[in-house]
Amino acid sequence: MFKLPRYNSPMTQVVLVGFVCFLNPGMFNALNGMGGGGQMDPTTGSNANTALYCTFIVFGIIGGSIVNLFGVRWTIFGSGFTYALYSGSYIYLNHTQKGSFTIAAGALLGVGAGILWAAQGMIMVSYPTEEEKGKYIAIFWIIFNLGGMLGGILPFAINFHSEKKSLEDGVYIAFVILECLGAILGLALCPPANVVRDDGSSVVLVKYTSARKEAIEIIKLFLNPTMLALIPMCFTSNFFYGYQFNCVNGAIFNVRTRGFNNIFYWGFQMVGSYFLSFLLDKQEWTKRKRGLIVFGIVAVFFNAIWGGTLKLQLRYTHGPSDNGDTDYPGGHIDFLEHSRAAGPIILYLLYGVGDALYQNFAYWIIGALTNDNQKLSRYAGFYKGIQSLGATVAWQLDAKKVTFMHQLIGNWVLLGISLFPMFYVVLHLKDHVNDAVPDDDAVAGKEYVADSDEKVSV
């Protein structure tokens, strides 16, 4: 007979945080994927994304310390409302055409997103046992991307019969409601000190020994040759969003088709991630062999989709914000125009596959460097920080009206630059059983902390 998992089991908690991300970052991804936040003119959306990733750079790195101070539940709860504020700001933009509030909301969202992803990362690293991490990550990834799919269905359904070139207020209101629910759901998380694995062991999160030590370790990241070699990979990993969302989806498709495309963009993320997991977890191969085979797949696949994009880009130069309407032959594409829509839509959903392949492989490379959870948390923060720096530059290029062709060339060149150091790092990977040995403080009866008010001694 089917038995529901315990409330205080790691699986239940990971599913809960998955649904928090389903309702918060998942909805944000769907809105962002509409191009310009669903607006005819993407300038405000691009500037808001620039502000968002500027603050994300900082709070992605220091978010872990904030979570340690205030606890997982309350940080996720507060962070979730920054997503709702951002979506709601577009209602104000619809009625006033003034973008300052949306840009400010974007900057605040960068703070909330950095903290939320730090909390989510702590749960994902600390709750499952070593042999279950792959399964837990896959479950989280599927739930999270289902949010992007649902977020694509909403504008597609609400704007199905609308001729407007920007999203209706009703779409933004729906996003705000869902994101508020996501924030509240954060309070349903069990205090980490009460989470018990199936083998009876308790889950505890190690409190950093001191702010000074953590500051030193963060500085060391920028002196670590391997992490320096991975900077191009980190920088590139979200860089393509600005081009794909605004210069393709937002430029050549009508509003309802943008939502239609989003459904499959995020849906095919799950397909790409699921496919890659079989290769990355294939224990018959050495870690280096797995990495080199997947590297080859990622390199060939991404070059192929940029090649297909070049063929598409040669057919137009601008979207609706530049000259009143797109110059794509025949005007905006509707998904019902099968002969016109098939090729560009297939290319766009392949972007989703490529995103999943690249980012999952990037996370796998970082995870392959060590099994030490404290090191991995710093590596992940480094990854998110440099990733946000790349996204900041990309969205500002779009806001400054850099031509679509130049943005495409920039993306393709950055991909090429990132592949060489990625190959070098993968080539030098070594198999290791488990080097996740706690430091002296962690085994000497020192105090651990699972939540701000839940201290445990071991």
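Residues numbered from 1 in each chain as written. Predicted model: local features only at pLDDT ≥ 70, side-chain atom pairs only at ≥ 80, totals over all residues. Heavy atoms only, no water.

### Description of the overall build of the chain
- Scanning the chain for helices and strands turns up 17 helices and two strands.
- Burial status across the chain gives 55% buried among its 458 residues.
- Counted over contacts in the chain with a minimum sequence separation of 6, partners at least 24 positions apart contribute 83%.
- When the accessible surface of the chain is split by element, carbon and sulfur atoms take 67% of a total near 18800 Å². (Helix = DSSP H or I, 4+ residues; strand = E, 2+ residues; numbered from the N terminus. Buried < 20%, exposed > 50% of the residue type's maximum accessible area, 1.4 Å probe, protein only. Contact = heavy atoms within 4.5 Å. Areas by Shrake-Rupley, 256 points an atom, 1.4 Å probe, with all protein chains shown as cover.)

### Points about a nonpolar patch on the surface
- A cluster of nonpolar side chains, Leu85, Tyr92, Phe101 and Leu108, forms an exposed patch at the surface whose accessible area comes to about 320 Å².
- Elements with a minimum of two residues in the nonpolar patch: helix 4 (72–96) and helix 5 (100–126).
- Assignment of secondary structure puts Tyr92 in helix 4. (Patch = residues over 30% accessible without salt bridge, like charges linked within 9 Å, V, L, I, M, F, W, Y side chains within 5 Å. Salt bridge = Lys/Arg side-chain N within 4 Å of Asp/Glu carboxyl O.)

### Looking at the side chain of Gln269
- Mapped onto the fold, Gln269 is located in helix 12 (residues 255–280).
- If sequence neighbours within four positions are ignored, Gln269 has contacts with Trp141, Asn145, Tyr241, Gly352, Asp355 and Ala356.

### Some words on the environment of Met227
- Position of Met227 relative to the elements: it lies in helix 9 (residues 225–229).
- Taking C-alpha positions, Met227 is 8.3 Å from Phe382, a pair spaced 155 residues apart along the chain.
- When residues no more than four places from it in sequence are discounted, the contact partners of Met227 are Leu221, Leu369, Tyr379 and Phe382.

### Comments concerning helix 11 (residues 240–252)
- Its 13 residues give helix 11 an end-to-end C-alpha distance of 17 Å, which sits within 8% of 18 Å, the value for a rise of 1.5 Å per residue.
- Most of helix 11 sits inside the fold, with 13 of its 13 residues counted as buried. (Expected span 1.5 Å × (residues − 1).)

### Quick word on the packing of aromatic side chains
- Taken as a whole and assessed by the stated rule, the structure comprises 34 aromatic pairs.
- Ring centres of Phe77 and Phe81 lie 5.1 Å apart, and the angle between their planes is 90°; this geometry places the pair in the edge-to-face category. With Phe77 and Phe81 both in helix 4 and four residues apart, the pair spans about one turn of that helix.
- Each ring, one from Tyr90 and one from Tyr172, has its centre 5.4 Å from the other, and the planes form 10°; the classification is stacked. Placement of Tyr90 in helix 4 and of Tyr172 in helix 7 (residues 169–185) is noted, with a sequence separation of 82 residues between them. (Phe/Tyr/Trp six-rings, centres within 6.5 Å; stacked < 30°, edge-to-face > 60°.)

### Notes on unusual backbone geometry
- Its identity is not glycine, yet Lys401 carries a phi of approximately 65°, on the positive side.
- Relative to the elements of secondary structure, Lys401 occurs in the loop between helix 16 (373–399) and helix 17 (404–427).
- The class for Lys401 is partly exposed, based on a relative accessible area of 39%.

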